[in-house]
Amino acid sequence: MTTGELEGKVAVITGGASGLGEGLVRRFHAEGATVVFGDIDTELGAALGDELGARAEFIETDVSDIGQVGTLVSTAVAEHGGLHVMINNAGVSGKMFPKFLDDDLADFHQVMAVNVLAVMAGTRDAARHMSEHGGGSIINLTSIGGIQAGGGVMTYRASKAAVIQFTKCAAIDLAHWEVRVNAIAPGNIRTAIVRKSATGEDAARLEEFEARIRAQMRSDRPLKREGTVDDVAEAALYLAGDRSRYVTGTILPIDGGTVAGKVIARKEKPSA
């Protein structure tokens, strides 16, 4: 069900061609926003833009080049009359190694460029406009991997932890101009990011790897159902709109309770 909550608003979304980003683009567009979105996947991005039609504009964007992030913002302002919501969603996982001792750290600079530097640049560029036009909402996508310690994808975890700290700092710094900065920390949401962390594996091993990771996620999650892209989009809609006008500096996990604590094992009551 849609409510038209973002009618007349302009939103910029990075990494909007697939996964969580696609869900965000679709939901914000359905709620009445004009959406300018970027991605490196030109085929999927252009197809989504064509499908949505009016109030949706796709721009090929590699966020590791922060000048291209700035272009998304300037296009929204110049062609659509303003910017009310900025969602820094684009992210990469980095390669997973069985143990940290094997990690060659070869992807460190790329992961940090996409997951941290681009978020900082997107926040800055959006806030420069918002600070002179009555404020706005900036939403950064982090991960429960940045909250909860664990093995594997160490650079990814470090990058997402950095997004959390940056989000809180930016929220304090930008509050004077009524620019709200919050973060969403998804967890256990079925997207392609798990598969991408195991690049180089053959199809059978990749399927086995993902099944093992998903099984671990289920066992760690208090809520029984698996999270969806729509759950993340709903949280972003809340943070984007007027319902959250007194909310800033918040990190909102969308993870079925995973970071709240360990699942309590319960014995079934004996039948009568």
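Quick summary incoming for the structure in this document. Since the model is a prediction, treat every value here as computed from it, not as a measurement.

Some words on the overall build of the protein
A count of helices and strands for the protein gives eight helices and seven strands. Looking at the protein residue by residue over its 272 residues, the buried ones come to 49%. Within the protein, counting contacts between residues at least 6 apart in sequence, those at least 24 apart form 69% of the total. When the accessible area of the protein is evaluated, it comes to approximately 13900 Å², of which 55% is carbon and sulfur surface.

Here we look at the packing of aromatic side chains
One pass over the full model with this rule turns up one aromatic pair. Ring centres of phenylalanine 37 and phenylalanine 58 lie 5.4 Å apart, and the angle between their planes is 50°; on these two criteria the pair is classed as tilted. Separated by 21 residues along the polypeptide, phenylalanine 37 in strand β2 (residues 34-39) and phenylalanine 58 in strand β3 (residues 56-60) bring together distant segments of the chain. Relative accessible area serves as the criterion here: at 0%, phenylalanine 37 is assigned to the buried category. Looking at phenylalanine 58, the relative accessible area reads 19%, which means it is buried.

Observations concerning the pairing of strand β1 (residues 10-14)
Most of β1 sits out of view: five of its five residues are buried. By the alternation rule, side chains of β1 split into Val10, Val12 and Thr14 and Ala11 and Ile13, which are all buried. Strand direction decides the pairing type here: β1 and β2, joined by five bridges, are parallel. Each residue of the ladder has a partner; that of threonine 14, found in β2, is glycine 38. Between β1 and its parallel partner β2, the chain crosses via helix α1 (residues 19-30), and the hand of that crossover is right-handed.

Regarding the side chain of serine 244
With respect to the element layout, serine 244 can be found in the loop between α8 (229-240) and β7 (251-254). Of the residues examined, serine 244 reaches a relative accessible area of 0% and is grouped as buried.

A short note on helix α3 (residues 66-80)
Here α3 is 15 residues long and its end C-alpha atoms lie 21 Å apart, about the 21 Å a rise of 1.5 Å per residue gives. Taken together, the buried positions of α3 are occupied by Val69, Gly70, Leu72, Val73, Thr75 and Ala76. Buried residues belonging to α3 abut β1, β2, β3, β4 (85-88) and α4 (108-130). The residue sitting at the N-terminus of α3 and contributing the capping side-chain oxygen is aspartate 65; that oxygen lies 3.0 Å from the backbone nitrogen of glycine 67. Trailing α3 by a residue or two, glycine 81 shows a phi angle of about 90°, which is positive.

What about a nonpolar patch on the surface?
Nonpolar side chains collect at one region of the surface, where Phe100, Leu105, Phe108 and Met154 lie side by side and expose about 340 Å² of accessible area between them. Note on placement: leucine 105 falls in the loop between β4 and α4.

Things to note about α4
With 23 residues, α4 should cover 33 Å at 1.5 Å per step; its first-to-last C-alpha distance of 32 Å lies within 8% of that length. Valine 114 marks where α4 bends most, by close to 35°.

Focus on unusual backbone geometry
With a phi angle near 60°, leucine 105 is a residue other than glycine that sits in the positive phi range. Judged by its relative accessible area of 40%, leucine 105 is partly exposed. One non-glycine residue, glutamate 178, adopts positive backbone phi at about 60°. Along the chain, glutamate 178 turns up in the loop between α5 (154-174) and β6 (179-186).

Comments concerning the sheet that holds strand β5 (residues 136-141)
If you trace the seven strands from one edge of the open sheet to the other, you get β3-β2-β1-β4-β5-β6-β7, paired in parallel fashion. The open sheet has two free edges, formed respectively by β3 and β7, since each of these has just one partner strand. For this sheet, the mean angle separating the axes of adjacent strands, direction not counted, is 15°. Pairing analysis gives four bridges linking β6 to β7, with the strands arranged parallel. Among the inter-strand pairings, alanine 183 is bridged to a residue of β7, identified as isoleucine 251. Contacts between helix α2 (residues 42-52) and the sheet are confined to β2 and β3, with β3 contributing the most and set at about 165° to the helix.

Conventions used here
The residue numbering used here restarts from 1 in each chain and proceeds along that chain's sequence as written. Local features in a predicted model are, by the rule used here, given only for residues with pLDDT of at least 70; side-chain atom pairs are given and counted only at 80 or more, and totals for whole chains, interfaces and linings are based on all residues. Water and hydrogen atoms were dropped before computing side-chain values, which therefore reflect all heavy atoms in the structure. Here a helix means four or more residues in a row that DSSP labels H or I, a strand means two or more in a row labelled E, and each is numbered from the N terminus. To sort residues, take the accessible area from a 1.4 Å probe on protein chains only and compare it with the maximum for the residue type: under 20% means buried, over 50% means exposed, and anything in between is partly exposed. The contact criterion used is simple: two residues touch if any of their non-hydrogen atoms lie within 4.5 Å. Here, Shrake-Rupley sampling with a 1.4 Å probe gives the accessible areas, and only protein chains in the shown set may cover a residue. Side-chain rings of Phe, Tyr and Trp, where Trp is taken by its six-membered ring, are said to pair if the distance between their centres is within 6.5 Å; with planes under 30 degrees apart they count as stacked, over 60 as edge-to-face, and otherwise as tilted. The pairing criterion is simple: DSSP has to find at least two bridges between the two strands. For crossovers, right-handed means that the path from the first strand over the helix to the second runs clockwise, given strands pointing away from the viewer. To estimate how far a helix should reach, multiply one less than its number of residues by 1.5 Å. Side-chain atoms alone can form a polar contact between residues adjacent in sequence; in general such a contact is a pair of N or O atoms within 3.5 Å, and within protein one must be able to donate a hydrogen while the other accepts it. Each patch is assembled from residues with relative accessible area greater than 30% and no salt bridge, linking like charges that lie within 9 Å and nonpolar side chains (Val, Leu, Ile, Met, Phe, Trp, Tyr) that lie within 5 Å. By convention in these notes, a salt bridge is any Lys or Arg side-chain nitrogen within 4 Å of a carboxyl oxygen on Asp or Glu. Fitting axes to the seven residues ending at a residue and to the seven starting there, one defines the bend at that residue as the angle between these axes. Lines are fitted to the C-alpha atoms to define the axes, a helix being fitted only along its stretch in contact, and any angle between axes, read from their N-to-C directions, falls within 0 to 180 degrees.

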